[in-house]
Amino acid sequence: MNLSYQVVDLPLKHTFTIAHQSRDVQDTIIVKLQDGAFYGLGESTTNPFYGMTITNMSECLEKFRPIVEKGEWETPAELWKLGKDVFKDNPFAQCALDLAAWDIYAKKQGKKLYELLELNPKDIPLTNFTIGIDTVEKMVEKMKEVHWPIYKIKLGTSDDLAIIRELRKHTDAVFRIDANCAWTAQQAIDYSVELEKLGVEFMEQPLGKDDLEGMKEVFEYSKLPVIADESCIVESDVKKCHGLFHGINVKLVKAGGITPGLRMIHEAKKLGMKTMVGCMTESSVGITAIAHIAPLLDYVDMDGAMLLSIDPAKGVIITPEKVTFPEGNGIGAEMVV
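Residues numbered from 1 in each chain as written. Predicted model: local features only at pLDDT ≥ 70, side-chain atom pairs only at ≥ 80, totals over all residues. Heavy atoms only, no water.

Glancing now at the packing of aromatic side chains. Per the stated rule, a full pass over the model turns up eight aromatic pairs. The interplanar angle of 55 degrees and the centroid separation of 5.0 Å between the aromatic rings of Tyr 114 and Phe 325 together place this pair among those described as tilted. Of this pair, Tyr 114 sits in helix 4 (residues 113–116) while Phe 325 sits in the loop between strand 14 (323–324) and strand 15 (334–335); the two residues are 211 residues apart in sequence, bridging distant segments of the chain. Looking at Tyr 114, the relative accessible area reads 12%, which means it is buried. Where Phe 202 meets Tyr 299, the ring centres are 4.8 Å apart and the plane angle is 50 degrees; that geometry is what we call tilted. (Phe/Tyr/Trp six-rings, centres within 6.5 Å; stacked < 30°, edge-to-face > 60°. Helix = DSSP H or I, 4+ residues; strand = E, 2+ residues; numbered from the N terminus. Buried < 20%, exposed > 50% of the residue type's maximum accessible area, 1.4 Å probe, protein only.)

Set out below in structure tokens:
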């Protein structure tokens with residue numbers, strides 16, 4: 001078994017702004033596992049909010065290289081468990097490795113990943129398309145550029161309700177809003193009344209991740225369901241979110257990959273919570289991996305590659321009508337540059 005990785009810059013079509021950061025280019029690390037004729041690819045982006053850099057991800061991968069290349073593991077779950085201590089502070093790096101492990105493992109079984117997991121791609125919910133914070137005029141332009149049935153609108157400004165009111169004039173699409181921790185409990189409760197009238201389906205992470213008392217109020221009084229993102233990072237967070245949120249958004253990079261992500265999804269379902277998987281601004285490597293587990297979900301946010309001006313990989317093709325997977329087994333994504 002051979003481990004290698006490369007760093008790739010992902011240029012965005014538009015400056016992407018959320019409540020706590022903006023970017024025009026996203027750097028990402030692509031991990032490759034090679035075993036004879038078989039190989040697997042995985043991905044993780046950097047993220048300043050979580051302190052994840054190319055340097056510290058590379059350092060973790062190098063530290064774990066001897067165990068990976070020794071090859072004394074068969075399943076992705078076994079490899080993930082072996083790396084639990086090494087990657088305990090760097091789940092992003094572990095995610096990239098875990099995705100590559102699932103890719104090569106499914107290929108060796110002669111199956112697509114969704115087949116290996118016994119999932120039906122016909123059950124995949126339609127992804128939303130994300131509109132980052134900008135002037136209202138530019139946000140409208142972005143919607144007109146990509147006509148989509150569901151938009152996820154990033155908020156966290158002093159004019160959030162005015163933005164949604166204006167955007168609603170230009171489309172009858174379903175809206176989902178994501179405040180990225182920017183509101184107070186009272187704002188979220190008050191806004192939910194108007195947002196419900198404006199055709200918003202749910203609110204994602206309205207409050208700071210540690211504002212548990214505030215979330216109790218929002219959970220009780222909001223007119224809209226609330227979905228946890230920053231409050232649900234790792235497996236132990238799922239139970240903590242029960243009774244505070246109606247559902248969870250699992251980010252594979254933050255959780256450490258598909259292996260723990262699947263456990264989080266199943267636990268949330270047992271608790272009667274809605275499930276969602278979200279993405280970073282990833283290439284088609286990371287997005288295609290998400291698509292394979294999407295049949296498990298109530299909602300999915302896998303539009304990352306659609307936001308890029310240049311995608312260095314090819315994989316799943318997403319339209320409002322269907323999701324088309326690549327022909328190959330495993331996850332099936334391939335680098336093209």
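Before going further, it helps to examine the sheet that holds strand 2 (residues 21–35). Pairing is antiparallel in the open sheet, where three strands are placed in the order 1-2-3. Both outer strands of the open sheet, strand 1 (2–18) and strand 3 (38–45), are each paired with one neighbouring strand and no more. The mean inter-strand angle of the sheet, taken between neighbouring strand axes irrespective of direction, is 20 degrees. Its contacts with the sheet put helix 1 (residues 54–70) on strand 1, strand 2 and strand 3, and the angle it makes with strand 1 is roughly 150 degrees. (Pairing = 2+ DSSP bridges. Axes fitted to C-alpha atoms, helices over the stretch in contact; angles between N-to-C directions. Contact = heavy atoms within 4.5 Å.)

On to the nonpolar core. Leu 97, Ile 153, Trp 183 and Leu 195 are the most contacted members of the largest nonpolar core, which totals 108 residues. In terms of residues, this core owes the most to one element, helix 3 (residues 91–108), which gives 10 residues. Apart from residues lying up to four places away in sequence, Leu 97 is in contact with Leu 3, Val 31, Leu 33, Leu 61, Phe 64, Val 68, Leu 79 and Phe 87. (Core = buried A, V, L, I, M, F, W, Y, C linked by side-chain atoms within 4.5 Å.)

When you tally the buried positions in strand 3, you get six out of eight residues, the bulk of the element. Looking at chain direction, strand 2 and strand 3 are connected through eight bridges and run antiparallel. Each bridged residue has a counterpart across the sheet, and for Ile 29 the counterpart in strand 3 is Ser 44. Counting the residues between successive antiparallel strands, the hairpin from strand 2 to strand 3 contains two residues, one of them, Gly 36, with a positive phi of roughly 65 degrees.

With that out of the way, let us pick up the sheet that holds strand 4 (residues 129–131). With respect to topology, eight strands assemble into an open sheet ordered 4-5-6-7-8-9-10-11, the strand pairing being parallel. Of all strands in the sheet, those bounded by a partner on one side alone are strand 4 and strand 11 (299–300). By the bridge criterion, three bridges tie strand 6 (residues 174–178) to strand 7 (residues 200–204) in an arrangement that is parallel. Following the sheet pairing, Asp 178 is matched in strand 7 by Glu 204.

Look at helix 3 against helix 11 (residues 258–270): their axes get within 8 Å of each other, and the N-to-C directions meet at 90 degrees. As the angle between them shows, helix 3 and helix 11 are arranged roughly perpendicular. Contact residues: helix 3 offers Asp 98, Leu 99 and Trp 102, while helix 11 offers Ile 258, Thr 259 and Leu 262. The class makeup of the residues in the contact of helix 3 with helix 11 is four nonpolar, one polar and one charged. (Parallel < 35°, antiparallel > 145°, perpendicular 65-115°, else oblique. Nonpolar A, V, L, I, M, F, W, Y, C, P; charged D, E, K, R; others polar.)

Positive phi values are uncommon outside glycine, yet Asn 180 reaches one of about 45 degrees. One can find Asn 180 in the loop between strand 6 and helix 7 (185–197). Taking relative accessible area as the criterion, Asn 180 reaches 5% and is therefore assigned buried. Unusually for a residue other than glycine, Gln 205 sits at a positive phi of about 40 degrees. Note on placement: Gln 205 falls in the loop between strand 7 and helix 8 (212–221).

Looking at the element boundaries, Gly 286 is found in helix 12 (residues 284–293). The class for Gly 286 is buried, based on a relative accessible area of 1%. Those residues in contact with Gly 286, other than ones at most four positions away along the chain, are Glu 43 and Leu 99.

So, on to the pairing of strand 6. The side chains of a regular strand alternate, residue by residue, between the two faces of the sheet. Counting buried positions along strand 6 yields four of five residues, so the element is predominantly enclosed. Here strand 5 (residues 150–154) runs beside strand 6; their pairing, made up of five bridges, is parallel. Following the sheet pairing, Tyr 151 is matched in strand 6 by Phe 175. Crossover connection from strand 5 via helix 6 (residues 160–168) to parallel strand 6: handedness right-handed. Considered for its hand, the β-α-β crossover made up of strand 6, helix 7 and strand 7 is right-handed. (Right-handed = clockwise from strand over helix to strand, strands pointing away.)

Read these as geometric descriptors, not functional statements.
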